[in-house]
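Fold and geometry: a report
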Amino acid sequence: MAILVLGGAGYIGSHTVYELIDAGRDVVVADNLLTGFKQAVHPKARFYQLDIRDKGALDTLFQAEHIEGVIHFAASSQVGESMSDPLKYYDNNLYGTMVLLKSMVEHGVDKIVFSSTAATYGEPERVPILESDKTVPTNCYGNTKLSMEQMMGWVSKAHGLRYVALRYFNAAGAHISGAIGEAHNPETHLIPIILQVPNGQRDHVGIYGDDYPTPDGTCIRDYIHVTDLAQAHILALDYLIKGGENNVFNLGNGVGFSVKEVIDVARSVTGHPIPAEVSPRRAGDPAQLIASSAKAVEVLGWQPKYNDLSTIISTAWKWHQAHPNGYGEG
Ligand code: UFG
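What to know about the overall build of the protein
For the protein, the helix and strand inventory stands at 10 helices and 13 strands. The C-alpha atoms of the protein give 19 Å as radius of gyration, which agrees with the globular expectation for 330 residues (20 Å, within 12%). Dimensions along the principal axes, computed over C-alpha positions, put the protein at roughly 55 × 45 × 40 Å. Considering the protein as a whole, with its 330 residues, one finds that 55% of them fall into the buried category. A fraction of 77% describes how many contacts in the protein between residues 6 or more apart in sequence connect residues 24 or more apart. Accessible area of the protein: about 13,700 Å², with a carbon and sulfur share of 51%. If the 25 positive side-chain charges of the protein are averaged to one point and the 36 negative ones to another, these points end up 4 Å apart.

Rendered as structure tokens:
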């Protein structure tokens with residue numbers, strides 16, 4: 001039986017497909033290629049170009065393939081865009097997931113692992129954040145992800161489907177081989193933007209605010225290597241295959257780094273001075289997001305391997321140096 005990876009041509013999806021294939025699993029990838037890249041799809045995966053809102057295409061796939069479980073990454077994921085174009089997020093994330101679940105229920109596919117986010121918590125009450133802490137998203141993206149979790153809960157009660165929601169903190173880094181990495185257009189994430197400076201693509205990095213209530217005034221985040229995230233998806237799927245109940249897990253390293261600290265680590269990894277300039281705050285940024293991933297460690301047996309920030313940035317640097325234009329002209 002095969003594992004269906006929706007959004008398997010995207011950043012975290014493509015890394016998960018690489019880990020699944022390495023583990024000897026049979027993998028089917030579906031992606032609409034609006035933000036994903038065909039070149040990121042592992043050559044051993046069977047690829048379908050489809051949009052999850054197209055129920056006919058999904059039905060055809062479920063009829064053609066023998067799918068044991070679904071890993072669902074297919075969603076829009078930019079916080080800023082979700083505030084300026086919320087209906088895109090309701091359409092792609094919520095409506096898309098509704099169509100997917102409908103097709104899964106009709107075809108008797110009853111296990112799903114999916115991408116949730118630290119943005120479901122909103123401004124945290126305390127750090128490290130526990131899965132049981134209150135969820136009051138401060139942006140539309142986080143709201144659609146929380147609603148996806150709730151949708152799965154109700155569908156589970158009615159139809160017996162089981163789910164695991166993985167709430168990622170800040171995904172970063174690239175495949176250790178250098179074969180695949182992070183490529184967004186436009187790029188909004190801190191580490192790839194920092195690395196554009198030593199790559200000669202920008203002359204400085206902007207720090208979005210240095211007046212937050214943190215030791216150096218810049219925002220603190222919990223950076224987790226994309227391959228460690230990928231491994232957690234496999235563990236979560238196996239947990240469901242073994243009969244595990246619906247569950248929600250945070251995925252982070254449990255250690256926070258400020259924007260200034262991340263820039264410093266990138267300076268030492270690249271040997272470049274990386275000039276930085278403070279610019280105004282970006283709307284909607286919480287001061288501090290740090291995960292407690294104790295539950296994933298205990299219940300799933302998850303053990304992040306690349307948990308040192310300089311290793312995370314080194315793998316990203318290897319990818320961006322070799323692919324300054326992502327999957328474009330290289
Ligand atoms: N930042 C800068 N300069 C930049 C880019 C980012 O100072 O040029 C700062 C941001 O203000 C933030 C930190 O660097 O404080 C990290 O920003 P990212 O955009 O890399 O990541 P976010 O923490 O904003 O977002 C990530 C995921 C989202 C997810 C969110 C959960 O990318 O999908 O975590 O809060 F929703």
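Let's pick the thread back up.
Let's talk about the packing of helix H4 (residues 86-106) against helix H5 (residues 140-159)
Direction vectors running N to C along H4 and H5 enclose 20°, while the axes themselves pass 10 Å from each other. By the angle between their directions, the pair H4 and H5 is classed as roughly parallel. Crossing of H4 against H5: the hand is right-handed. Seen from H4, the contacting residues are Pro86, Tyr89, Tyr90, Asn93, Leu94, Thr97, Met98, Leu101 and Val105; seen from H5, they are Cys140, Tyr141, Asn143, Thr144, Lys145, Ser147, Met148, Met151, Met152, Val155 and His159.

Digging into the site of the ligand
Lining the immediate surroundings of the ligand are 21 residues, of which His189, Leu190, Gly206, Arg282 and Asp285 lie closest. Residue His189 places a side-chain N or O atom 2.7 Å away from an oxygen atom belonging to the ligand. One nitrogen or oxygen atom from the main chain of Tyr208 is found 2.9 Å from an oxygen atom belonging to the ligand. Contact with the protein chains covers 91% of the free accessible surface of the ligand, which is 690 Å².

Some details on the packing of aromatic side chains
On inspection of all chains with the given rule, the structure shows five aromatic pairs. Measuring from centroid to centroid gives 6.4 Å for Tyr89 and Tyr141, while their planes differ by 85°, and the two rings are edge-to-face. Of this pair, Tyr89 sits in helix H4 while Tyr141 sits in helix H5, and the two are 52 residues apart along the sequence. Exposure remark for Tyr141: the relative accessible area of 9% places this residue in the buried category. By way of ring pairs, the aromatic residues Phe37, Trp319 and Tyr327 are connected into one cluster. Lys157 extends its terminal NZ or CZ atom over the ring of Trp154, reaching a point 5.7 Å from the ring centre. The ring of Phe249 carries Lys295 above its face, with NZ or CZ at 5.2 Å from the centroid.

A word on the side chain of Asp31
Of note, Asp31 is situated in strand S2 (residues 26-31). Arg53 provides the closest opposite charge to the buried, unpaired Asp31, separated from it by 10 Å.

Here's the deal with the pairing of strand S4 (residues 67-72)
In terms of burial, S4 is a largely internal element, five of the six residues being buried. As paired strands, strand S1 (residues 2-6) and S4 are joined by five bridges and run parallel to one another. Note on S4: the bridge partner recorded for Leu4 is Val70. In terms of strand pairing, S4 meets strand S5 (residues 111-117) through three bridges, oriented parallel. Within the sheet, the bridge partner assigned to Ile71 lies in S5 and is Val113.

Quick word on the pairing of strand S8 (residues 205-208)
Along S8, the buried face is formed by Val205 and Ile207; none of Gly206 and Tyr208, which line the opposite face, is buried. Examined bridge by bridge, S8 and strand S13 (residues 276-279) share four bridges and lie parallel to one another. Bridging across to S13, Tyr208 finds its partner in Ser279.

Criteria and cut-off values
- Residues numbered from 1 in each chain as written.
- Predicted model: local features only at pLDDT ≥ 70, side-chain atom pairs only at ≥ 80, totals over all residues.
- Heavy atoms only, no water.
- Helix = DSSP H or I, 4+ residues; strand = E, 2+ residues; numbered from the N terminus.
- Rg over C-alpha atoms; globule rule 2.2 N^0.38 Å.
- Buried < 20%, exposed > 50% of the residue type's maximum accessible area, 1.4 Å probe, protein only.
- Contact = heavy atoms within 4.5 Å.
- Areas by Shrake-Rupley, 256 points an atom, 1.4 Å probe, with all protein chains shown as cover.
- Lys, Arg positive; Asp, Glu negative; His and termini not counted.
- Charge placed at Lys NZ, Arg CZ, Asp CG, Glu CD.
- Axes fitted to C-alpha atoms, helices over the stretch in contact; angles between N-to-C directions.
- Parallel < 35°, antiparallel > 145°, perpendicular 65-115°, else oblique.
- Left-handed = near helix turned anticlockwise from the far one by under 90°.
- Near = heavy atom within 4 Å.
- Polar contact = N/O pair within 3.5 Å; in protein donor to acceptor, adjacent residues only side chain to side chain.
- Phe/Tyr/Trp six-rings, centres within 6.5 Å; stacked < 30°, edge-to-face > 60°.
- Lys NZ or Arg CZ within 6 Å of the ring centre and 35° of its normal.
- Salt bridge = Lys/Arg side-chain N within 4 Å of Asp/Glu carboxyl O.
- Pairing = 2+ DSSP bridges.

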